[in-house]
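# Structure assessment
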Amino acid sequence: MEAPQYVAARVQRALAEDDRTNELGIRVDVRGEQLFLRGQVSGDERRMLIADVAHEAAPELTLRNEITVLDIRGPGEEERL
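Every chain's residues receive numbers from 1 upward, in the order its sequence appears when written. Side-chain atom pairs in this predicted model are given and counted only at pLDDT of 80 or more, local residue features only at pLDDT of at least 70, and totals for whole chains, interfaces and linings cover all residues. Calculation of side-chain values draws on the structure's entire complement of heavy atoms; hydrogens and water are dropped beforehand.

## A closer look at the overall build of the chain
Per the secondary structure count, the chain includes 2 helices and 3 strands. Secondary structure follows DSSP: runs of H or I at least 4 residues long count as helices, runs of E at least 2 residues long count as strands, and numbering of each begins at the N terminus. Mapped in sequence order, the helices and strands of the chain form the string α-β-β-α-β. The rule is simple: take the accessible area with a 1.4 Å probe, protein chains only, and divide by the maximum for that residue type; under 20% is buried, over 50% is exposed, in between is partly exposed. Looking at the 81 residues of the chain, the share that counts as buried comes to 32%. Contacts are assigned to residue pairs that have any heavy atoms within 4.5 Å of one another. In the chain, the proportion of contacts linking residues at least 24 apart, taken out of those at least 6 apart, comes to 57%. Working note: accessible area of the chain is about 5,700 Å², and carbon and sulfur atoms make up 47% of it. Charged residues are defined narrowly, with Lys and Arg counted positive, Asp and Glu counted negative, and His plus the chain ends left uncounted. Just so you know, the charge point we use is NZ for Lys, CZ for Arg, CG for Asp and CD for Glu. Looking at charge distribution, the chain has the averaged site of its 11 positive side-chain charges lying 4 Å from that of its 17 negative ones. Surface accessibility follows the Shrake-Rupley procedure with a 1.4 Å probe radius. Residue values consider only the protein chains on display as shielding.

Structural data, given as structure tokens:
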């Protein structure tokens, strides 16, 4: 079995190099038979794409997607001084 740090590095590389994600801001941890993804993204679709790419890179592990979706809102009302 491959060492956990090598599996995590393989998944990180896949997230960075895959055209669907090109993601550098997600933390990847491997503990036992589980792959944890942690970080923040701007939408549910992005969160799911990252999970798909990670699962493809390490299909032998159980994926725990702990990525949170940021609530990004447009600018509010103009402030008047």
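## Regarding unusual backbone geometry
Leave glycine aside and you will find that most residues have negative phi; peptide bonds, for their part, are mostly trans. A positive phi is found at Asn22, a non-glycine position, where the angle reads about 45°. You can see Asn22 is positioned in the loop between helix H1 (4-17) and strand S1 (27-31). Here Asn22 falls in the partly exposed class, since its relative accessible area comes to 47%.

## With respect to the sheet that holds strand S2 (residues 34-41)
Strands sit in the order S1-S2-S3 across an open sheet of 3 strands; the sheet is mixed. Of all the strands in the sheet, the pair left with one neighbour each is S1 and strand S3 (62-69). Averaged over all adjacent pairs, the angle separating strand axes in this sheet is 15°, with direction ignored. In this description, strands pair whenever DSSP reports at least two bridges between them. Bridge count for S1 against S2 is 5 bridges, and the pairing is antiparallel. Counted as the bridge partner of Arg27 is Arg38 from S2. Docked against the sheet, helix H2 (residues 44-57) engages S2 and S3, running at close to 155° with respect to S3. All axes are obtained by fitting lines to C-alpha atoms, using only the stretch in contact for helices, and the reported angles, taken between N-to-C directions, cover 0 to 180 degrees.

## Regarding the side chain of Glu23
Counting through the fold element by element, Glu23 comes out in the loop between H1 and S1. Overall, Glu23 belongs to the buried group, its relative accessible area being 14%. Once you skip the residues sitting within four places of it in the chain, Glu23 turns out to touch Leu15, Ala16, Val41, Arg46 and Ile50.

## Brief notes about the side chain of Arg38
Structurally, Arg38 is set in strand S2. What Arg38 contacts, discounting residues up to four positions off in sequence, is Gly25, Ile26, Arg27, Asp29, Arg31, Glu66 and Ile67.

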